[in-house]
Amino acid sequence: MRKVILNLAMSLDGYIEGPNGEYDWCFADQDYGMTEFLNSTDAIFLGRKSYEMLMAAYPEMFAALKMYVFSDTLTHVEGNNEIITRGDFKLRVYEIRNQSGANIWLYGGAELVSAFIAHNQINELLLSVHPTILGSGKPLFIDIKERTDLVLLGSEQFSSGLVQLRYTLKPKFDMGMLDG
């Protein structure tokens, strides 16, 4: 089964974009492992807003990745990319994860990340924490309905002060399985 890896930048206070949707606080002074990460993936899961932003700013950068855009409002995406609606979420994610291929990059946005957490469909979270406090903006985690424990897989500190944290979701044991 293919891994789904959430990989994104966040401020120290947990925001993935500033109060006006800006990303100018994200460091671009070095690679931060992105080349290696991109070489380990062949697909990307992203929401409509993220898709529109990436296609406007960096269409060539993501041309090698199959894009799965989660949206109930989009009717068309470029190339051989695919739209996945809310009603098809569980089935399509299951099918895609069980296809042969490399890792899948879960890019965001926050609503999509929350849906993947709720359905226990994230294998790893690779969070690049920037040493910036934004004070407001769009938080990474929204609408999380229950406690979600994580296990730290590793961390890396860079000379810029950026710290990458790698987590996995802590497995849950359903005690109800013993009833019966």
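Worth saying up front: this structure is predicted, and the values here are computed from it rather than measured.

A. Fine view of the environment of Ala64. Looking at the secondary structure, you find Ala64 in the loop between α2 (48-57) and β4 (66-70). Measuring from C-alpha to C-alpha, the distance between Ala64 and Asp42 comes to 7.1 Å, with 22 residues separating the pair along the chain.

B. α2, seen in detail. Burial in α2 covers these residues: Ser50, Tyr51 and Leu54. Seen along its axis, α2 keeps its buried residues to an arc of 100°; they face one direction. Along α2, the residues that are exposed and aim more than 90 degrees away from the buried face are Lys49 and Ala56. Where α2 is buried, its residues touch β3 (41-47), β4 and β6 (103-108).

C. Here's a closer look at the environment of Ile133. Position of Ile133 relative to the elements: it lies in the loop between β7 (124-130) and β8 (138-139). Using a relative accessible area of 64% as the deciding quantity, one classes Ile133 as exposed. Linking Ile133 and Met10, residues 123 residues apart in sequence, is a C-alpha distance of 9.6 Å. If we skip the residues at most four places from it in the chain, Ile133 touches Leu12 and Asp13.

D. Region of interest: the pairing of β7. Of all seven residues that make up β7, seven are buried, and the element is covered over most of its length. For strand β1 (residues 4-11) and β7, the ladder comprises seven bridges, and the chain directions are parallel. Its bridge partner lying in β7, Ser11 is registered against His130. Looking at chain direction, β7 and strand β10 (residues 163-169) are connected through five bridges and run antiparallel. Looking at β10, one finds that Ser128 is bridged to Gln164.

E. Region of the structure containing the pairing of β1. Counting buried residues along β1, seven of its eight residues qualify, which places the element largely inside the surrounding structure. For β1 and β6, the ladder comprises three bridges, and the chain directions are parallel. Looking at the pairing, Ile5 lines up with Trp105 of β6.

F. Spatial organisation of the confidence of the model for the protein. Residues with a pLDDT of 70 or more make up 97% of the protein, whose mean pLDDT is 93. Looking across the protein, the model is least confident in α2, with a mean pLDDT of 89, and most confident in β7, with 98.

G. Molecular detail of the nonpolar core. Grouped together as the largest cluster of nonpolar side chains are 27 residues, with contacts concentrated most on Leu6, Phe45, Phe70, Leu106, Phe116 and Ile122. Elements with a minimum of two residues in this core: β1, β3, β4, α3 (89-97), β6, α4 (110-118) and β7. When residues of this core are assigned to their parent elements, the largest contribution, five residues, is made by α4. With near-sequence residues (within four places) excluded, Leu106 lies in contact with Val4, Ile5, Leu6, Asn7, Phe45, Leu112, Val113, Phe116 and Ile122. Core analysis: the next-biggest nonpolar cluster, separate from the first, contains 15 residues, Leu65, Met67, Leu74 and Leu126 among them.

H. Fine view of the sheet that holds strand β9 (residues 150-157). Reading across the sheet, the eight strands line up as β5-β4-β3-β6-β1-β7-β10-β9 and stay open at both edges, with mixed pairing between neighbours. Looking at which strands have only one partner, the edges of the open sheet turn out to be β5 (82-84) and β9. Sheet twist, expressed as the mean angle between neighbouring strand axes with direction ignored, is 25°. Summarising the sheet, β4 and β5 pair through three bridges and their orientation is parallel. What sits directly across from Phe70, in β5, is Ile84.

Criteria and thresholds
- Residues numbered from 1 in each chain as written.
- Predicted model: local features only at pLDDT ≥ 70, side-chain atom pairs only at ≥ 80, totals over all residues.
- Heavy atoms only, no water.
- Helix = DSSP H or I, 4+ residues; strand = E, 2+ residues; numbered from the N terminus.
- Buried < 20%, exposed > 50% of the residue type's maximum accessible area, 1.4 Å probe, protein only.
- Arc of directions from axis to C-beta.
- Contact = heavy atoms within 4.5 Å.
- Pairing = 2+ DSSP bridges.
- pLDDT = per-residue confidence, 0-100.
- Core = buried A, V, L, I, M, F, W, Y, C linked by side-chain atoms within 4.5 Å.
- Axes fitted to C-alpha atoms, helices over the stretch in contact; angles between N-to-C directions.

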